[in-house]
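Results of the structural survey
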Amino acid sequence: MNAMLRSPSRLGMGALIGLLSAGVALGVGELVAALVRPAAAPVIAVGNRFVLATPESVKRWAIRNFGTNDKHALLTGIYIGVAIFALVVGVLAAQRLAYGLAGVLLFGAIGTWAAVSDRGGRASDVIPTLVGTAAALAAMWYLHRCAGLAPTTADEDGTTRSRAKPTSTPPSSARTPTRNPSARTPAAKTAKSAPTPPSTPPAPVPRRGFLTGSVALAGLAAGAGFGGRAAQHARFDVSAARAAVRLPAPSDTGAALPAGTDLGKSGVPWQTPNNQFYRIDTALVVPQVNPTSWSLRIHGMVDREVRLSYDDLLARPLIERWITLCCVSNVVGGGLISNAKFRGVRLADVLREAGVHPDSDQLLMTSVDQMTIGAPTKVVMDGRDAMIAIGMNDAPLPQAHGFPARIVVPGLYGYVSACKWVVDIEATTFDQQTAYWVAGGWAQQTNIKLESRIDTPHSHATVPVGRPVAVAGIAWDQHVGVSKVEVQVDSGPWQEARLATVPSTDTWRQWVLAWTPPQAGTYTLRVRATDASATVQTTQAADVFPSGATGLHTISVRAR
């Protein structure tokens, strides 16, 4: 190994062999996944298994630091990890090919294990990894041969010598000992006493063949990878099916949207556009569910099982409501909250048709990728506008937000209600079934906490002295409502802000306060809300785990 490390050329070729072999494995895996399904691609399979195996504290850290980019961060980390592993395997392959091939097999074994042990895995999911591993083995053997890398040893003086056998043997006369030592000539004696010349160095590496092979395999890896992704999109994407959906008009639109819901002061619009709506889930690739084959099964502790197709939902009376959804991982002042107009079928009506038993206290909802979410039965049935949603902001649900159908329950955090791509609802009990997030230590049942946020000015912003500054933001307490918002500057008195109108208690509420900095300096601003039952937002700071964050959002600004 020491001798190998003294050869930068050999080391570099080994590293390149490892990287290209890994690239071929991933690229071919993506291409084969187009014949199986996108979730079977090696990186996605490993990522999904990584999500399941990751400690809950690490997941919270990722969401806190990366927010809705947590999946991109995870996949980037996996690619970096694969690259490092490939470099090590390539260096080992440069010393001995068997070491490199063993490393590739280990890489394939990890991918295979991830594919078969994923919660939503299928037997066929191992095929892309197996084919990709075989391609990587072939690539490593081929590049190793092109590079002419033979095993090496090192003499005591540090000279690197090839372990390859000599290509020729000395003539027999040279091996025959002299019978008369005294007959040696002085020249012969001189030749014998002279130092032995160094052995002939190994033949130079055929770099042209190695470079040609490297370029060819790099092209194969890139072409298979990008081509595989494109083929997956072409075969599995349901954008066309979604575009063909024509949502029926709702039979119940609820209260009319009053004027003045959007004060236009904070930069955060009343209605969150679909492409800006926050997304927190465990799906590394968005499930592609065709509405023609989708169905929802309601079973368990019911009098009769109910199964609904997408056409069944379209044929039923639809309600439409403005609802604010919030993630339990939303820190104080965080952005994991959005507001939209949802259209769907009342969930309580369907459950009554099924005849849910009174002793069922949990509705265990399962998505197409086998994610489970448990909602309290009594909350869903208490008269609020819980729904099987099929529309969002006057369009069919976006694919990333649950198309063709998801569950929406006002007043509950998403981890105990908002099941996307829902395919199964089982009436059960909390004692009998434990949902995914609850198994990680999150509270079994909880309501959204009363909270408020300052959106403008931003923390550490500079504001003008002696001129009015719009301090504005949102406050929320879904299914309870917000009755008052107040702002405090430094340790001064609490000043009441002006509130926007809202169509119901199930949405966030905008607020604004005109504040004029009296002089230059740094100011601390904090906000608090009061709900419809006169409960004032708590000042006690609490982490998001296990049931949602609390505390007052506080910012600092500089006036000059």
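Notes on the structure follow. Worth saying up front: this structure is predicted, and the values here are computed from it rather than measured.

Scoring rules and cut-offs
Residues numbered from 1 in each chain as written. Predicted model: local features only at pLDDT ≥ 70, side-chain atom pairs only at ≥ 80, totals over all residues. Heavy atoms only, no water. Pairing = 2+ DSSP bridges. Helix = DSSP H or I, 4+ residues; strand = E, 2+ residues; numbered from the N terminus. Axes fitted to C-alpha atoms, helices over the stretch in contact; angles between N-to-C directions. Parallel < 35°, antiparallel > 145°, perpendicular 65-115°, else oblique. Contact = heavy atoms within 4.5 Å. Nonpolar A, V, L, I, M, F, W, Y, C, P; charged D, E, K, R; others polar. Core = buried A, V, L, I, M, F, W, Y, C linked by side-chain atoms within 4.5 Å. Buried < 20%, exposed > 50% of the residue type's maximum accessible area, 1.4 Å probe, protein only.

1. Regarding the sheet that holds strand β4 (residues 306–309)
Across the sheet, 5 strands lie side by side as β4-β3-β12-β7-β8; this open sheet has mixed pairing. Both outer strands of the open sheet, β4 and β8 (372–376), are each paired with one neighbouring strand and no more. Averaged over all neighbouring strand pairs, the angle between strand axes comes to 15°, with direction disregarded. Two strands pair when backbone bridges link them, and strand β7 (residues 362–367) and strand β12 (residues 422–428) are joined in this way by 6 bridges, in the antiparallel orientation. If you follow Leu 364 over to β12, its bridge partner there is Glu 426.

2. A word on the packing of helix α5 (residues 70–95) against helix α6 (residues 97–117)
The interhelical angle for the contact between α5 and α6, taken along N-to-C directions, is 155°, at an axis separation of 5 Å. As the angle between them shows, α5 and α6 are arranged roughly antiparallel. Here Val 82, Phe 85, Val 89, Leu 92, Ala 93 and Gln 95 of α5 lie close against α6, whose contacting residues are Leu 97, Tyr 99, Gly 100, Gly 103, Val 104, Leu 106 and Phe 107. Grouping the constituent residues of the contact of α5 with α6 by class yields 10 nonpolar, 3 polar and no charged.

3. Section: the nonpolar core
Counting 87 residues, the largest nonpolar core has Ile 298, Phe 342, Ile 407 and Ile 425 as the members making the most contacts within it. Counting residues in each nonpolar core, the second largest holds 22 residues, with Val 32, Val 89, Ala 139 and Ala 221 among its members.

4. Some words on the pairing of strand β19 (residues 509–515)
Among the 7 residues that make up β19, 6 are buried, leaving the element largely enclosed by the rest of the structure. Note that strand β15 (residues 469–476) and β19 share 7 bridges and pair antiparallel. Directly across from Ile 474, in β19, lies its bridge partner Gln 510. For strand β18 (residues 498–499) and β19, the ladder comprises 2 bridges, and the chain directions are antiparallel. Bridging from a neighbouring strand, Leu 499 pairs with Trp 511 of β19.

Function-wise, these values are silent; they only describe arrangement.
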